[in-house]
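Given next are the chains, with one letter for each unit.
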Amino acid sequence: MSFPPVSENTLGLLAEVRASRSLVGGARRLVRSDTPHRASLGTAFIGIGASLVCGIRAIYGFGWFVSYWSTYPNPVPALIAWVLLIVVLATAFVTASVVGDRLPDWMFALFLALLATVIVLDVVAIWDLHDVGRYATASLTAAMALLLVITLRRPSEILVASGAIGVGLLAVILVNTPLTTDNVTIQLTSLAFAVLPVVLGVLIVRGFRSMVQIELDRVLVQSTVSAPRFAVGMLASEELARLDLAAEELLDSVATGRIALPLRPKTASVAASLATELRLHLIEGRRETWLYHAITESELLGRSVTLTDKGSLAGLLDANQRDGLLAAVWLLVNDNAKKNLARTVQVNVGPIVATTPVAHAHKLRVPIVITTTGVPRNRVDPSTWDAIRRVGRYSDSSQNASLRVEIECFVDNPADL
């Protein structure tokens, strides 16, 4: 049986990985890798739509090429350009369907080189006509061909490639075509047809990815509503499973005699580390509430929300109150995220306030204060107030473009349960 080196913990995680959790406002946040170039989260369907758009544009451009055949001084370069472009489009479509994740760097470079060759051949064929915007066909379609790989590469790479093609076509137009009031519109329109579809495609893909990630994050944190008062988070649950496996392997090795007793110093150190981490997880499970995990394990809430709950009173809320509080905080943060504004939300829970036994028997009054920065009251979504009402009676005030909501929440007294 092999044991992890000193630089790792008993779960086989490097210290640098464990250090990736940052402590902000006393809460642990999870740092997730950012891979915007991957064709995940259903963006492959967008890639299929982009391929259809590119195919329609190729048919349109080829029709104009056929109609201009007799106009070309030498149509052979233009014909070679179209044959090469059709081969590139078909190969790129098949490759994108097979790869389905990320286009390798060398393949992307080859794809761009072939598109550049198509553009050069098309420009050579129409150079003597001195009207690039009117007679360019294969080159404009080649510029739109970047839509085929829009979900397989980073948006910045697609934009840089499209910008380079646009600048190249603009330079050719300025050098080759005498601009007049009669043809300047055609030149600008052709340039726009070459560049704008790719730019719009990048914006659509980025918006779709952002929307899906936010919704997945919402579903993730929603699962904490039904958690016990004190519980471990999802990441801690995974670590506990790994810890349990390591402990079972160690105990099995001792039971079968593969590890002799008394334990060697190195083996004893591993066993001590297992016990220490297990105790730490058990302690965390006795002081961290569902709201703590909802905030710290959410990529959206973790950036903007700070929780202060010294008495772990959020765990006393029932399912309806939890759902309302989480929905209210989520709506405040999500609405701000769409506007890309730096706004924060501070949630303070407790301390417990005494209540009259006649009015609220077997109940505890837990004050909850939600304080925001840079959130005007008139910008709050109406559904946010509906969510707050499910938590309890509330009063709100505004100061310096900030919102403060004080909620009077009544919960069951755990001593009576």
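This one's a predicted model, so the numbers in the text were calculated from it and none came from an experiment.

Colleague: I would appreciate a short explanation of the nonpolar core in the present structure.
Modeller: Nonpolar side chains tend to gather and get buried jointly when the protein is soluble and globular. Counting 50 residues, the largest nonpolar core has Leu85, Phe111 and Leu115 as its most contacted members. Elements with a minimum of two residues in this core: helix H2 (43-67), helix H3 (76-99), helix H4 (105-126), helix H5 (132-135), helix H6 (138-144), helix H7 (155-176) and helix H8 (184-222). In this view, Phe111 contacts Val88, Ala92, Ala145, Leu146 and Val149; residues no more than four positions away in its chain are not counted. Within the second largest apolar cluster, 42 residues are counted, among which are Ile214, Val225, Trp330 and Val391.

Colleague: Looking at this structure, I do not really get the confidence of the model for the protein. What am I missing?
Modeller: It should be kept in mind that the predicted coordinates are not to be read in detail where pLDDT is low. Confidence in the prediction of the protein, expressed as mean pLDDT, is 78, and 79% of residues score 70 or more. In the predicted structure, residues 1-39 sits below a pLDDT of 50 and forms 78 contacts with residues beyond four places in sequence or in another chain.

Colleague: Before we go on, may I ask you to explain unusual backbone geometry in this structure?
Modeller: Excluding glycine, a negative phi dihedral is what most residues carry, and trans is how most peptide bonds are arranged. Unlike most non-glycine residues, His130 shows phi in positive territory, near 55 degrees. Within the fold, His130 resides in the loop between H4 and H5. Even without being a glycine, Ser312 presents a positive backbone phi close to 55 degrees.

Colleague: Looking at this structure, how should I read the UniProt feature "transmembrane region" (unreviewed entry) in the protein?
Modeller: When the UniProt feature table is mapped to this numbering, "transmembrane region" (unreviewed entry) covers residues 39-60, 80-99, 106-127, 133-152, 159-179 and 185-205. As annotated, residues 159-179 comprises 86% helix and 0% strand, and the C-alpha atoms at either end are separated by 27 Å.

Colleague: For this particular structure, what's the right way to read the packing of aromatic side chains?
Modeller: For any pair of aromatic rings, the description consists of the separation of the ring centres together with the inter-plane angle of the planes. Using the criterion set out here, one finds nine aromatic pairs in the structure. Pairing Phe62 with Phe65 gives two aromatic rings, centres 5.7 Å apart and planes at 40 degrees, and the pair type is tilted. Of this pair, Phe62 and Phe65 are both found in helix H2, three residues apart, which corresponds to roughly one turn of the helix. Consider the rings of Phe62 and Trp82, whose centres lie 5.4 Å apart with planes at 85 degrees: the pair is edge-to-face. Residue Phe62 is found in helix H2, and its partner Trp82 is found in helix H3; the two are separated by 20 residues along the sequence.

Colleague: What exactly am I supposed to notice about the side chain of Asp217 here?
Modeller: With respect to the helices, strands and loops of the structure, Asp217 is situated in helix H8. With a relative accessible area of 8%, Asp217 lands in the buried category. When residues no more than four places from it in sequence are discounted, the contact partners of Asp217 are Glu297, Ser298, Glu299, Leu300 and Trp330.

Colleague: Which parts of the structure should I look at to understand a nonpolar patch on the surface?
Modeller: Taken together, the side chains of Trp127, Leu170, Leu174, Val175 and Leu179 define a hydrophobic patch exposed on the protein surface, amounting to about 480 Å² of accessible area. Tracing the backbone shows Leu179 in the loop between H7 and H8. Leu179 sits in the partly exposed class, given a relative accessible area of 44%.

Cut-offs applied
- Residues numbered from 1 in each chain as written.
- Predicted model: local features only at pLDDT ≥ 70, side-chain atom pairs only at ≥ 80, totals over all residues.
- Heavy atoms only, no water.
- Core = buried A, V, L, I, M, F, W, Y, C linked by side-chain atoms within 4.5 Å.
- Buried < 20%, exposed > 50% of the residue type's maximum accessible area, 1.4 Å probe, protein only.
- Helix = DSSP H or I, 4+ residues; strand = E, 2+ residues; numbered from the N terminus.
- Contact = heavy atoms within 4.5 Å.
- pLDDT = per-residue confidence, 0-100.
- UniProt positions renumbered as here; feature names shortened; annotations may be inferred.
- Phe/Tyr/Trp six-rings, centres within 6.5 Å; stacked < 30°, edge-to-face > 60°.
- Patch = residues over 30% accessible without salt bridge, like charges linked within 9 Å, V, L, I, M, F, W, Y side chains within 5 Å.
- Areas by Shrake-Rupley, 256 points an atom, 1.4 Å probe, with all protein chains shown as cover.
- Salt bridge = Lys/Arg side-chain N within 4 Å of Asp/Glu carboxyl O.

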